[in-house]
Amino acid sequence: MSKTIFVLNGPNLNLLGQREPHIYGSTTLAEIEQRCTAKARDLGYEVDFRQTNFEGALIESIHEARRKACGIIINPAAFTFTSIAVLDALKTFDPPKIELHISNVHARESIYHKSLISPIATAIMIGFGADGYELAIQAMTQLVARSR
(Lines give C-alpha, C1' and ligand atoms only; values in the text may rest on other atoms or scores of the structure.)
Protein backbone atom coordinates (compact mmCIF):
# COMPACT_ATOMS: atom_id res chain seq x y z
CA MET A 1 0.00 0.00 0.00
CA SER A 2 1.10 3.55 -0.72
CA LYS A 3 2.64 5.62 2.03
CA THR A 4 1.69 8.90 0.36
CA ILE A 5 -0.75 11.29 2.01
CA PHE A 6 -2.40 13.81 -0.27
CA VAL A 7 -2.82 17.21 1.43
CA LEU A 8 -5.30 19.16 -0.68
CA ASN A 9 -6.08 22.84 -0.25
CA GLY A 10 -8.92 24.79 -1.81
CA PRO A 11 -9.50 28.36 -2.91
CA ASN A 12 -7.69 31.36 -1.46
CA LEU A 13 -5.41 29.28 0.76
CA ASN A 14 -2.53 30.40 -1.48
CA LEU A 15 -2.98 33.75 0.29
CA LEU A 16 -2.26 32.42 3.78
CA GLY A 17 0.01 34.79 5.64
CA GLN A 18 -1.56 37.75 3.85
CA ARG A 19 -5.31 37.13 3.99
CA GLU A 20 -7.06 37.95 7.27
CA PRO A 21 -4.12 37.08 9.54
CA HIS A 22 -6.36 37.72 12.57
CA ILE A 23 -8.34 34.63 11.49
CA TYR A 24 -5.80 32.47 9.62
CA GLY A 25 -2.50 33.53 11.20
CA SER A 26 0.73 34.63 9.57
CA THR A 27 2.05 31.24 8.44
CA THR A 28 2.21 30.87 4.67
CA LEU A 29 1.03 27.81 2.76
CA ALA A 30 4.63 27.18 1.68
CA GLU A 31 5.67 27.05 5.35
CA ILE A 32 2.81 24.66 6.11
CA GLU A 33 3.90 22.45 3.22
CA GLN A 34 7.48 22.32 4.58
CA ARG A 35 6.22 21.41 8.05
CA CYS A 36 3.89 18.70 6.67
CA THR A 37 6.65 17.21 4.55
CA ALA A 38 9.03 17.06 7.53
CA LYS A 39 6.38 15.60 9.87
CA ALA A 40 5.37 12.94 7.35
CA ARG A 41 9.00 12.03 6.68
CA ASP A 42 9.61 11.62 10.43
CA LEU A 43 6.68 9.18 10.50
CA GLY A 44 7.79 7.21 7.43
CA TYR A 45 5.32 8.77 4.98
CA GLU A 46 5.44 11.11 2.01
CA VAL A 47 3.21 14.09 1.29
CA ASP A 48 1.78 15.22 -2.02
CA PHE A 49 0.80 18.81 -1.14
CA ARG A 50 -1.43 20.80 -3.51
CA GLN A 51 -3.48 23.99 -3.63
CA THR A 52 -5.94 25.15 -6.26
CA ASN A 53 -8.52 27.86 -6.65
CA PHE A 54 -10.45 25.71 -9.11
CA GLU A 55 -13.09 23.16 -8.17
CA GLY A 56 -12.37 20.87 -11.12
CA ALA A 57 -8.64 20.75 -10.33
CA LEU A 58 -9.42 19.80 -6.72
CA ILE A 59 -11.70 17.01 -7.96
CA GLU A 60 -8.98 15.75 -10.34
CA SER A 61 -6.55 15.60 -7.39
CA ILE A 62 -9.06 13.54 -5.40
CA HIS A 63 -9.46 11.18 -8.36
CA GLU A 64 -5.67 10.85 -8.63
CA ALA A 65 -5.47 10.11 -4.91
CA ARG A 66 -7.63 7.03 -5.50
CA ARG A 67 -4.66 5.49 -7.32
CA LYS A 68 -1.77 6.96 -5.34
CA ALA A 69 -2.67 7.83 -1.74
CA CYS A 70 -3.23 6.03 1.54
CA GLY A 71 -5.19 9.01 2.85
CA ILE A 72 -6.40 12.53 2.08
CA ILE A 73 -6.19 15.57 4.32
CA ILE A 74 -8.36 18.22 2.73
CA ASN A 75 -8.95 21.85 3.55
CA PRO A 76 -11.64 22.49 0.96
CA ALA A 77 -11.97 26.12 2.10
CA ALA A 78 -15.12 27.68 0.59
CA PHE A 79 -15.89 24.45 -1.28
CA THR A 80 -16.65 22.93 2.14
CA PHE A 81 -19.96 24.75 2.16
CA THR A 82 -20.85 24.81 -1.53
CA SER A 83 -19.48 21.88 -3.52
CA ILE A 84 -21.51 18.73 -3.94
CA ALA A 85 -18.99 17.84 -6.67
CA VAL A 86 -16.09 17.77 -4.16
CA LEU A 87 -18.28 15.76 -1.78
CA ASP A 88 -19.11 13.24 -4.50
CA ALA A 89 -15.43 12.90 -5.46
CA LEU A 90 -14.44 12.30 -1.83
CA LYS A 91 -17.13 9.62 -1.55
CA THR A 92 -15.21 7.61 -4.18
CA PHE A 93 -12.08 7.58 -2.00
CA ASP A 94 -12.26 4.68 0.47
CA PRO A 95 -9.13 5.23 2.63
CA PRO A 96 -9.21 7.69 5.55
CA LYS A 97 -10.14 11.31 4.88
CA ILE A 98 -9.51 14.18 7.30
CA GLU A 99 -11.36 17.46 6.80
CA LEU A 100 -9.23 20.34 8.05
CA HIS A 101 -9.94 23.99 8.81
CA ILE A 102 -7.43 26.46 10.19
CA SER A 103 -10.02 28.53 12.04
CA ASN A 104 -12.81 27.31 14.28
CA VAL A 105 -15.54 27.56 11.66
CA HIS A 106 -18.21 27.08 14.34
CA ALA A 107 -17.13 30.28 16.09
CA ARG A 108 -17.56 32.27 12.89
CA GLU A 109 -20.55 33.48 10.87
CA SER A 110 -23.36 30.94 10.46
CA ILE A 111 -22.59 30.47 6.74
CA TYR A 112 -19.50 28.51 7.87
CA HIS A 113 -21.33 26.13 10.20
CA LYS A 114 -22.70 23.55 7.72
CA SER A 115 -20.01 21.46 6.05
CA LEU A 116 -21.02 19.25 3.16
CA ILE A 117 -17.81 17.27 3.70
CA SER A 118 -18.04 16.43 7.42
CA PRO A 119 -20.57 13.58 7.11
CA ILE A 120 -18.18 11.53 4.98
CA ALA A 121 -14.92 12.50 6.70
CA THR A 122 -13.16 9.92 8.85
CA ALA A 123 -12.08 12.74 11.18
CA ILE A 124 -12.20 16.52 11.38
CA MET A 125 -9.42 18.91 12.49
CA ILE A 126 -10.80 22.37 13.25
CA GLY A 127 -9.39 25.48 14.90
CA PHE A 128 -5.76 24.52 15.54
CA GLY A 129 -4.38 27.13 13.15
CA ALA A 130 -1.50 26.11 10.90
CA ASP A 131 -0.52 23.50 13.52
CA GLY A 132 -3.64 21.57 12.54
CA TYR A 133 -1.89 20.32 9.42
CA GLU A 134 0.88 18.60 11.37
CA LEU A 135 -1.66 17.23 13.84
CA ALA A 136 -3.64 15.88 10.89
CA ILE A 137 -0.52 14.19 9.45
CA GLN A 138 0.03 12.47 12.81
CA ALA A 139 -3.63 11.44 13.02
CA MET A 140 -3.65 10.20 9.43
CA THR A 141 -0.73 7.86 10.03
CA GLN A 142 -2.66 6.34 12.94
CA LEU A 143 -5.85 6.01 10.87
CA VAL A 144 -3.94 4.36 8.02
CA ALA A 145 -2.24 1.93 10.40
CA ARG A 146 -5.63 0.93 11.85
CA SER A 147 -7.18 0.44 8.42
CA ARG A 148 -4.51 -2.01 7.22
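Our subject is the structure listed above.
Everything quoted here is computed from the prediction, not taken from an experiment. Every chain's residues receive numbers from 1 upward, in the order its sequence appears when written. Selection of residues for local features in this predicted model requires a pLDDT of at least 70, selection of side-chain atom pairs for listing and counting requires 80 or more, and totals for whole chains, interfaces and linings are taken over all residues. Calculation of side-chain values draws on the structure's entire complement of heavy atoms; hydrogens and water are dropped beforehand.

> Teacher, can you tell me more about the overall build of the protein here?
Regarding its fold elements, the protein presents six helices and five strands. Helix and strand assignments come from DSSP, with helices taken as H or I runs of at least 4 residues and strands as E runs of at least 2, each series counted from the N terminus. Secondary structure of the protein in N-to-C order comes out as β-α-α-β-α-β-α-α-β-β-α. In terms of overall dimensions, the protein is globule-like: its C-alpha atoms have a radius of gyration of 14 Å, near the 15 Å expected for 148 residues. Across its three principal axes, the protein shows a C-alpha extent of roughly 40 × 30 × 25 Å. Partly exposed describes any residue whose relative accessible area lies between the buried limit of under 20% and the exposed limit of over 50%, with all areas from a 1.4 Å probe on protein chains only and scaled to the type maximum. When burial is assessed residue by residue, the protein has 45% of its 148 residues classed as buried. What makes two residues a contact is simply this: any of their non-hydrogen atoms within 4.5 Å. Considering only intrachain contacts with a sequence separation of at least 6, the fraction spanning at least 24 residues in the protein is 77%. Summed over all atoms, the accessible surface of the protein reaches about 7200 Å², with 51% contributed by carbon and sulfur. C-alpha atoms define the radius of gyration, and 2.2 Å times the number of residues to the power 0.38 defines the globule rule. With residues, only the protein chains shown are counted as cover, and all accessible areas are computed by Shrake-Rupley using a 1.4 Å probe.

> In this structure, what is going on with the nonpolar core? I would like to understand it.
When a protein is soluble and globular, its nonpolar side chains tend to lie buried together. We call a set of buried Ala, Val, Leu, Ile, Met, Phe, Trp, Tyr and Cys residues a nonpolar core when their side-chain atoms join them within 4.5 Å. Of all hydrophobic cores here, the largest spans 26 residues; its most connected members are Ile5, Val7, Ile32, Phe49, Ile73, Tyr133 and Ile137. When contributions to this core are tallied by element, the ones reaching two or more residues are strand S1 (4–9), helix H2 (29–42), strand S2 (46–51), strand S4 (97–101) and helix H6 (131–147). Ranked by size, the runner-up nonpolar core spans 16 residues in total, among them Phe6, Ile74, Val86 and Leu90.

> I keep staring at unusual backbone geometry and nothing clicks. Help me out?
Glycine aside, residues mostly have negative phi angles, and peptide bonds mostly take the trans form. One non-glycine residue with positive phi stands out, namely Asn12, at about 75°. Mapping Asn12 onto the fold places it in the loop between S1 and helix H1 (21–24). Given a relative accessible area of 34%, Asn12 falls into the partly exposed group. Its identity as a non-glycine residue notwithstanding, Ala77 has a phi of 55°, on the positive side. Tracing the sequence through the fold places Ala77 in the loop between strand S3 (71–75) and helix H4 (79–82).

> Before we go on, may I ask you to explain the packing of helix H3 (residues 55–68) against helix H5 (residues 84–91) in this structure?
Any two packed helices are characterised by the angle at which their axes cross and by the distance between the axes. Viewed as axis vectors pointing N to C, H3 and H5 meet at an angle of 5°, and their least axial separation amounts to 9 Å. Taken as axis vectors, H3 and H5 run roughly parallel relative to one another. Contact residues: H3 offers Glu55, Leu58, Ile59, Ile62 and His63, while H5 offers Ala85, Val86, Ala89 and Leu90. Looking at side-chain class alone, the contact of H3 with H5 contains seven nonpolar, one polar and one charged residues. The axes are straight lines fitted to the C-alpha atoms, using for helices just the contacting stretch, and the angles between their N-to-C directions are given from 0 to 180°. Any angle from 65 to 115 degrees is called roughly perpendicular, while one under 35 is roughly parallel, one over 145 is roughly antiparallel, and all others are oblique. Following the grouping adopted for this structure description, the nonpolar residues are Ala, Val, Leu, Ile, Met, Phe, Trp, Tyr, Cys and Pro, the charged ones are Asp, Glu, Lys and Arg, and the polar ones are all others, Gly among them.

> Explain the pattern of salt bridges to me, please; I cannot follow it from the model alone.
Opposite charge on two side chains allows them to pair when their charged atoms are near. Salt-bridge detection follows one rule: a side-chain nitrogen of Lys or Arg within 4 Å of a carboxyl oxygen of Asp or Glu. Scanning all chains against the criterion turns up seven salt bridges. A salt bridge links Glu20 to Arg19; the nearest nitrogen and oxygen atoms lie 3.7 Å apart. Residue Arg19 is classed as partly exposed on the basis of its relative accessible area of 25%. Among the salt bridges present, the one from Arg35 reaches Glu134, with a minimum N-O distance of 2.8 Å. Placement of the pair is Arg35 in helix H2 and Glu134 in helix H6, with a sequence separation of 99 residues. Salt bridges here are not isolated pairs; linked through shared partners, they connect Asp48, Arg50, Glu64 and Lys68.

> Explanation requested: the packing of H2 against H6 in the structure shown.
Packing of H2 against H6 leaves a shortest axis separation of 9 Å and a crossing angle of 25°. With respect to their mutual orientation, H2 and H6 come out roughly parallel. The hand of the H2/H6 crossing is right-handed. In this structure, H2 uses Leu29, Ile32, Arg35, Cys36, Lys39 and Ala40 to contact H6, whose residues at the interface are Asp131, Tyr133, Glu134, Ile137 and Gln138. It is the rotation of the near helix from the far one that decides the hand of a crossing: anticlockwise by less than a right angle makes it left-handed, clockwise makes it right-handed.

Any functional reading would require information that these geometric values do not contain.
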